[in-house]
Amino acid sequence: MKDSTGQPSNAQHRHGPDEEHHRVEKTESEWQENLTAEQYRILREAGTERAFTGKYYAHHETGVYHCAACGQALFGSNAKFESGSGWPSYWEPVSGNAVERVVDRSHGMDRTEVRCAKCGSHLGHVFEDGPQPTGLRYCINSASLDFEGSE
Ligand code: FE
């Protein structure tokens, strides 16, 4: 990558070993400018909002939940269910390539992290105790989502 002067520019890009090339890439300072402090902590630092505090865990309107960082459609209201966990829960994403799964062994647990496939932002985790037809539970932070209603 080159900056406007034609010189190689990598000063603020932080590509970790498990960070693939995403279609939306911003520097950390650019992300900070465009997200609230809570959104930044969760989306870009893999934080977790406290259960039962997010805006979508008990949200039941018809529409699509988008990535709060890049706007990509992630989950439809048709796949949302009441998990009782205190986080919005879905049994599938809008498409198989909307999200990516990453092994997460942090905090002494063996979990599968879910990230937005377009921008790499942290969304939550997926567990295998969800309802049919998939048996999956995508446990997602409200702060990672932006809902757009439809009729
Ligand atoms: Fe995204």
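Residues numbered from 1 in each chain as written. Predicted model: local features only at pLDDT ≥ 70, side-chain atom pairs only at ≥ 80, totals over all residues.

K.L.:
I keep staring at the overall build of the protein chain and nothing clicks. Help me out?
P.N.:
Counting its regular elements, the protein chain contains two helices and nine strands. Each helix (α) and strand (β) of the protein chain, taken in turn from the N terminus, gives the series α-α-β-β-β-β-β-β-β-β-β. Per-residue burial over the protein chain gives 30% buried out of 151 residues. When contacts within the protein chain are restricted to residue pairs at least 6 apart in sequence, long-range pairs at least 24 apart make up 54% of them. (Helix = DSSP H or I, 4+ residues; strand = E, 2+ residues; numbered from the N terminus. Buried ≥ 20, exposed ≤ 12 C-beta atoms within 10 Å, placed from the backbone. Contact = placed C-beta atoms within 7 Å.)

K.L.:
Explain the nonpolar core here, please?
P.N.:
Looking at soluble globular proteins, one finds that nonpolar side chains tend to be buried together. Within the largest apolar cluster, 26 residues are counted, with the highest numbers of intra-cluster contacts made by Leu-74, Cys-116, Tyr-138 and Ile-140. Mapped by element, the contributors of at least two residues to this core are helix 2 (37-43), strand 1 (63-67), strand 2 (73-76), strand 6 (111-116), strand 7 (122-127) and strand 8 (137-140). The dominant element in this core, judged by the number of residues it contributes, is strand 8, at three residues. If we ignore the near neighbours within four places in the chain, the residues touching Cys-116 are Cys-67, Ala-69, Cys-70, Gln-72, Leu-74, Val-99, Ser-121 and Leu-123. (Core = buried A, V, L, I, M, F, W, Y, C linked by C-beta atoms within 7 Å.)

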